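# Close look at the chain arrangement
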Amino acid sequence: MRICDVTLSYTETSGGIRTYIDAKRDYLLKHTDHEHVLIVPGEEDECVTEGRSTTFRIASPPLPGCEPYRFFWRPGPIHEALAEAAPDVVELASFYVAPWAALRYRREARDAGRPGIIAAYFHTDIADAYVGQPVRNAFRDWPEAIEWLGDHLADFLESSAESYFGRVFSQCDLRMAASPQQAKRLRDYGVEEVQVVPLGVDLDLFSPAQRSMTTRDELGVDRDTLLLAYAGRFDAEKHVETIVAAVRQLTDRLHPKLVMLGEGPLREQLERMATETDRLIVLPYESDKQKFAKLLAAADIYVTAGPHETFGLSVIEAQAAGLPVVGVASGALTERVDDQVGRLGPVDDVEQFAQDIEAVADDREQLGRNARQHVEEHYGWNSTFARLVELYEQTLAANRVAADAV
């Protein structure tokens with residue numbers, strides 16, 4: 001098979017979606033005879049082929065407020081790249097412009113006698129995270145009557161977005177989510193027959209064996225310091241300010257320090273916060289996976305406050321590194337974290353978040369061992385992609401049968 005991923009969430013500083021695609025490409029090249037194609041926005045048009053992998057970059061404008069992300073704004077160039085690559089499977093992770101190019105490509109492929117299929121993976125609850133919640137937040141500090149109107153506007157826009165994205169997913173041949181909860185959320189969009197394909201982690205790379213005092217020394221952190229870690233986008237969706245506020249409330253007995261790795265529109269704000277407290281270290285996105293794994297393993301607790309996670313890949317990586325997790329009881333975190341591996345509290349409750357950190361700190365070694373064991377038993381990239389390839393093959397075969405019957 002020739003398998004193609006189309007997404008705008010692929011940059012030098014991207015998080016979970018890039019991790020998923022890079023791991024998929026690595027698996028396909030090492031464990032199968034399949035080929036992989038990637039179509040992403042770029043500064044200029046470019047096509048690079050290395051062996052069985054090809055990457056198309058399509059000249060696209062920056063996404064305002066989310067640099068360095070860019071967005072597809074014309075379906076034509078995407079369709080041209082698909083026509084040139086001629087994949088058997090097109091997997092979508094972007095759902096605005098890209099689906100219309102993919103649907104046109106599929107129609108033309110089938111007219112030519114090739115049973116091409118479109119798959120879609122529910123990486124992000126777009127309607128909630130990027131439509132409903134931003135509108136609600138924009139009205140939060142207004143008078144009650146205006147805030148009420150804002151909530152109703154948010155509900156209307158979110159419902160409209162669910163309907164739109166639901167129609168897109170429903171036109172795909174294969175619909176996937178990372179967990180039963182997210183499959184249910186996709187069904188809320190009106191989408192049926194959703195396959196659950198959990199994401200995974202490199203269990204050798206992310207491991208307690210990576211823990212090193214040298215890494216802590218480089219951060220200026222001694223043995224008595226409670227080192228907290230967050231890795232991800234610095235934006236409003238991730239509620240990173242909640243984490244900082246909670247760490248500032250922690251008692252001095254813990255000697256707490258928070259290291260935050262990533263990029264995003266709130267970087268300058270976080271850097272200003274770091275000048276106001278000695279409890280915060282803000283680092284750039286770490287593209288070197290080995291260095292990133294060592295940084296994670298050097299920490300004592302992983303913290304995350306974003307309520308919109310559809311899987312929580314960074315949480316799984318932290319648990320694989322032997323870290324307990326403190327987060328919020330929302331989204332996929334409710335499936336990733338229980339009292340055996342950490343604590344979850346209400347969204348944006350700074351005081352409770354701080355209390356949960358203190359509770360986990362007192363039992364962090366046992367909770368961390370539990371977290372590692374849990375990940376070893378349930379998550380690994382090889383099983384993820386073996387399942388994914390099986391679904392591709394089954395869906396392609398079903399479409400061949402349907403085409404022969406016509």
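The numbering scheme is per chain: residues are counted from 1 as the chain's sequence reads. Thresholds applied to this predicted model are a pLDDT of at least 70 for local features of residues and 80 or more for the giving and counting of side-chain atom pairs; totals over whole chains, interfaces and linings are not thresholded and use all residues. Note: side-chain values were computed over all heavy atoms of the structure, leaving out hydrogens and water.

Lining residues are those with an atom within 4 Å of a point, where the points come from a 1 Å grid over the protein atoms alone and group into cavities, where a 1.4 Å probe fits but cannot get out, or pockets, open sets with protein on both sides within 12 Å along at least five of seven lines. Grid points are joined across faces, edges and corners, and a volume is the space filled by probe spheres set on the points. If you add up the space inside the second largest pocket, you get close to 440 Å³. Considering the residues around the second largest pocket, the lining is formed by 19 residues, among which A23, D26, V201, D202 and W381 are closest to the centre. Listing elements by their share of the lining of the second largest pocket, those giving two or more residues are α1 (16–31) and α15 (381–405). Where helices and strands are cited, they refer to DSSP runs of H or I of at least four residues and of E of at least two residues respectively, numbered from the N terminus. Per-element accounting of the lining of the second largest pocket gives the leading share, seven residues, to α1.

On to the nonpolar core, then. Counting residues in each nonpolar core, the largest one holds 89 residues, and the members touching the most others are Y302, V303 and I357. Here this core gets seven residues from one element, more than from any other, and that element is α15. Residue contacts are defined here by distance: any two heavy atoms, one from each residue, within 4.5 Å place the two residues in contact. Contacts of V303, omitting those with residues within four sequence positions, involve L228, A229, Y230, I243, L258, V326, F353 and I357. By nonpolar core we mean a set of buried residues, namely Ala, Val, Leu, Ile, Met, Phe, Trp, Tyr and Cys, connected to one another through side-chain atoms within 4.5 Å. The buried label applies to any residue whose accessible area, calculated with a 1.4 Å probe on protein chains only, is under 20% of its type's maximum; exposed applies above 50%, and partly exposed to all values in between. Among the nonpolar cores identified, the runner-up in size contains 36 residues, and L82, C172, L186 and Y189 belong to it.

Spatial strand order, β3-β4-β2-β1-β5-β6-β7-β8: eight strands in an open sheet with mixed pairing. Of all strands in the sheet, those bounded by a partner on one side alone are β3 (46–50) and β8 (194–196). Along the sheet, successive strands turn relative to each other by an average axial angle of 20 degrees, direction set aside. Pairing between strands is defined by DSSP: at least two bridges between the two strands are required. Sheet topology places β3 next to strand β4 (residues 53–59); five bridges connect them, and they run antiparallel. In the sheet register, E50 faces β4, and the bridge partner there is S53. Each axis is a line fitted through C-alpha atoms, and for a helix only the stretch in contact is used; angles between axes span 0 to 180 degrees, taken between their N-to-C directions. Those strands touched by α1 are β1 (2–6), β2 (35–42), β4, β5 (89–92) and β6 (117–122), and its axis lies near 155 degrees from that of β2. Running at roughly 160 degrees to β4, helix α2 (residues 75–85) makes contact with β1, β2, β4 and β5 of the sheet.

Throughout this description, the term salt bridge denotes a Lys or Arg side-chain nitrogen within 4 Å of a carboxyl oxygen of Asp or Glu. This model, assessed by the stated rule, comprises 24 salt bridges. Ionic pairing is found between R110 and D173, a salt bridge with its closest N-O pair at 3.0 Å. Taken together, the residues span a long stretch of sequence, with R110 in helix α3 (residues 98–111) and D173 in the loop between α5 (144–170) and β7 (174–177) at a distance of 63 residues. For R110, a relative accessible area of 34% puts it in the partly exposed group. E309 is the salt-bridge partner of K238, the closest N and O atoms lying 3.0 Å from each other.

What follows is about a nonpolar patch on the surface. In this scheme, patches are assembled from residues that exceed 30% relative accessible area and form no salt bridge. Like charges are connected within 9 Å, while nonpolar side chains (Val, Leu, Ile, Met, Phe, Trp, Tyr) are connected within 5 Å. Only the protein chains shown count as cover for residues, with accessible areas throughout obtained via the Shrake-Rupley method and a probe of 1.4 Å. Residues L153, F156 and L157 make up a contiguous nonpolar surface patch of about 270 Å² in total accessible area. The topology assignment puts L157 in helix α5. The class for L157 is partly exposed, based on a relative accessible area of 32%.

For the rest of this paragraph, the subject is the sheet that holds strand β12 (residues 301–303). The strand order β11-β10-β9-β12-β13-β14 describes an open sheet built from six strands, whose pairing is parallel. Looking along the sheet, the strands with just one partner apiece sit at the ends: β11 (280–283) and β14 (342–345). Neighbour-to-neighbour, the strand axes of this sheet turn through a mean angle of 20 degrees, independent of strand direction. Both strand β13 (residues 325–328) and β14 contribute to a ladder of four bridges, which runs parallel. Bridge pairing in β14 places V325 opposite G342.

Turning next to the packing of helix α8 (residues 240–249) against helix α13 (residues 350–361). The geometry of α8 relative to α13 is characterised by a closest axis approach of 8 Å and an angle of 60 degrees between their N-to-C directions. Taken together, the axis directions place α8 and α13 in an arrangement best described as oblique. Of the two possible hands of crossing, α8 and α13 adopt the one that is right-handed. Contacts from T242, I243, A245, A246, V247 and Q249 in α8 reach V350, E351, F353, A354 and I357 in α13. Residues are grouped as follows: Ala, Val, Leu, Ile, Met, Phe, Trp, Tyr, Cys and Pro are nonpolar; Asp, Glu, Lys and Arg are charged; all remaining types, including Gly, are polar. Partitioned by chemical class, the residues of the contact of α8 with α13 number eight nonpolar, two polar and one charged. Comment on the angle field: the value is read as roughly parallel under 35 degrees, roughly antiparallel over 145, roughly perpendicular from 65 to 115, and oblique elsewhere. Each crossing gets its handedness from the near helix: less than a right angle anticlockwise from the far helix is left-handed, clockwise is right-handed.

Looking now at the environment of P265. Structurally, the position occupied by P265 is in the loop between β10 (256–261) and α9 (267–276). Note: C-alpha distance between P265 and G116 (149 residues apart in sequence) is 38 Å.

Before going further, it helps to spend a moment on the packing of α2 against α3. Packed helices, taken two at a time, are described by the angle between their axes plus the distance between the axes. Where α2 contacts α3, the two axes come as close as 8 Å, and the packing angle between them is 40 degrees. Classified by the interaxial angle, the pair formed by α2 and α3 is oblique. The handedness of the crossing between α2 and α3 comes out as right-handed. Residues P75, I78, H79, L82 and A83 of α2 form the contact with α3, whose own contacting residues are A98, A101, A102, R104, Y105 and E108.

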